Amino acid sequence: MTMKDDIQQANEETRAAWDANAAFWNEKMGEGNDFVNILQWPAILRLLEPQPGQRILDIATGNGLTARRLAALGAAVIAFDFSEELIKLAQARTSVGLPITYYILDATDESALLAALGSSGSSGTFDSALCNMALFDMADIQPLFHVLPRLLKPGGKFVFSITHPAFNNTSTVHMAEEMDMQGEIKSVYSVKISRYMTPHHAYGSAMRNQPRPQFYFERPLHYYLNLGFQNGFILDGFEERAFPPDLPQDHPLSWGGKFSEIPPVLVARMRLPS
Ligand SMILES: C[S@@+](CC[C@H](N)C(=O)[O-])C[C@H]1O[C@@H](n2cnc3c(N)ncnc32)[C@H](O)[C@@H]1O
């Protein structure tokens, strides 16, 4: 089996898992959870700076929650995902009149992306592109990074959020320990990581109790940044996002305020030269 077959097989497995989990994901995620509302969206607004009238691409839109938020701010949004089930749910959640066009498209298929979203001119038509919490769900991100400079206008921005590769990956163990700190008994919350440098994929859950596990495609931070640089982007915005100390945990050791010194998410802005 070649590397290409491997990627294709992992991609098909990923699509099947997202189709199988679509209704559960849509029900639990709704229009956003703490990760979206507290960690991702404020940073996305600062870095993407969406303006009324802009044409924005929402990559791997899921149930369309970020597409609807951008459209509510006055942007014309083109949103895609490769899960037909999620796109159906995204459409069902979208009020008539919101300027969003949904496509079923596979981000690993460069020619399909160009055919559906490209222009006949030498540069693209999108002011910016957003990929919220999905690059680590993609079996291969090289085609997307390669095609984006042809979809974006000169100076166009690409904002993405991901699980922080150094702290929040499938090898992460959440720890609680107790210590006597000079007479005061203290609880200490930390994470332990055993794998970071080598890209690999492993099963995990996007949400507790989801019907079927799905692959996470783990890559170190330098992989994302270098891929951007190799395709003509510069990095000009970067935020590591942790929960505030007073945010209660949903579960004793889940991400929340006890881990306020450890960012489970990062948000980056890459930009093309003008
Ligand atoms: C964690 S969800 C995030 C969804 C959405 N962006 C959000 O913020 O709620 C990851 C999404 O990536 C999509 N995805 C994974 N691989 C993809 C691919 N090759 N092409 C398009 N979408 C993909 C999944 O179907 C899923 O909707």
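A. Molecular detail of the overall build of the protein chain. On a plain count of helices and strands, the protein chain comes out with 7 helices and 11 strands. For a compact globule of 274 residues, the expected C-alpha radius of gyration is about 19 Å, and the protein chain comes in at 19 Å, within 12% of that figure. Scored against the burial criterion, the 274 residues of the protein chain give a buried share of 49%. Put simply, of all contacts in the protein chain between residues at least 6 apart along the chain, 69% involve residues at least 24 apart. In the form shown here, the protein chain has an accessible surface area of approximately 12800 Å², with 52% of it arising from carbon and sulfur atoms.

B. Geometry of a nonpolar patch on the surface. Nonpolar side chains collect at one region of the surface, where Met179, Met181 and Val188 lie side by side and expose about 220 Å² of accessible area between them. Along the chain, the position of Met181 falls in strand E6 (residues 173-181). What makes Met181 partly exposed here is its relative accessible area of 39%.

C. Summary view of the side chain of Asp81. Tracing the backbone shows Asp81 in strand E2 (residues 76-81). Among buried Asp, Glu, Lys and Arg side chains, Asp81 stands out as unpaired, with Arg15 the closest opposite charge at 7.7 Å. Engagement of the side chain of Asp81 in a polar contact is seen with the backbone nitrogen of Thr61, the distance being 3.4 Å. A polar contact is formed between the side chain of Asp81 and the backbone nitrogen of Ser83, at a distance of 2.9 Å. Beyond its immediate sequence surroundings of up to four residues, Asp81 is in contact with Ala60, Thr61, Gly62, Leu86, Ile87, Tyr103, Ile104 and Leu105.

D. Examining the environment of Ala115 more closely. Its location among the elements puts Ala115 in helix H5 (residues 110-117). Overall, Ala115 belongs to the exposed group, its relative accessible area being 67%. Taking C-alpha positions, Ala115 is 43 Å from Val173, a pair spaced 58 residues apart along the chain.

E. Structural context of the site of the ligand. Every one of the 20 residues lining the ligand counts as a neighbour, but Ala60, Asp81, Asp106, Ala107 and Asn132 are closest to it. The separation between a nitrogen atom of the ligand and a polar side-chain atom of Asn11 is 3.5 Å. In this structure, a nitrogen atom belonging to the ligand sits 3.5 Å away from a main-chain N or O atom of Asp137. Starting from 600 Å² of accessible surface for the ligand in isolation, the protein chains cover 98%. With 3 residues, the top contributor of residues to the shell around the ligand is helix H1 (residues 3-29). The class makeup of the residues in the shell around the ligand is 11 nonpolar, 6 polar and 3 charged.

F. Examining unusual backbone geometry more closely. Although it is not a glycine, Met133 sits at a positive phi angle of roughly 55 degrees. Within the secondary structure, Met133 is located in the loop between strand E4 (126-132) and helix H6 (142-151). Not every positive phi belongs to a glycine, and Gln182 is a case in point at roughly 50 degrees. You can see Gln182 is positioned in the loop between E6 and strand E7 (184-192). Note on Gln182: relative accessible area 84%, which makes it exposed.

Definitions and cut-offs
Residues numbered from 1 in each chain as written. Predicted model: local features only at pLDDT ≥ 70, side-chain atom pairs only at ≥ 80, totals over all residues. Heavy atoms only, no water. Helix = DSSP H or I, 4+ residues; strand = E, 2+ residues; numbered from the N terminus. Rg over C-alpha atoms; globule rule 2.2 N^0.38 Å. Buried < 20%, exposed > 50% of the residue type's maximum accessible area, 1.4 Å probe, protein only. Contact = heavy atoms within 4.5 Å. Areas by Shrake-Rupley, 256 points an atom, 1.4 Å probe, with all protein chains shown as cover. Patch = residues over 30% accessible without salt bridge, like charges linked within 9 Å, V, L, I, M, F, W, Y side chains within 5 Å. Salt bridge = Lys/Arg side-chain N within 4 Å of Asp/Glu carboxyl O. Lys, Arg positive; Asp, Glu negative; His and termini not counted. Polar contact = N/O pair within 3.5 Å; in protein donor to acceptor, adjacent residues only side chain to side chain. Near = heavy atom within 4 Å. Nonpolar A, V, L, I, M, F, W, Y, C, P; charged D, E, K, R; others polar.

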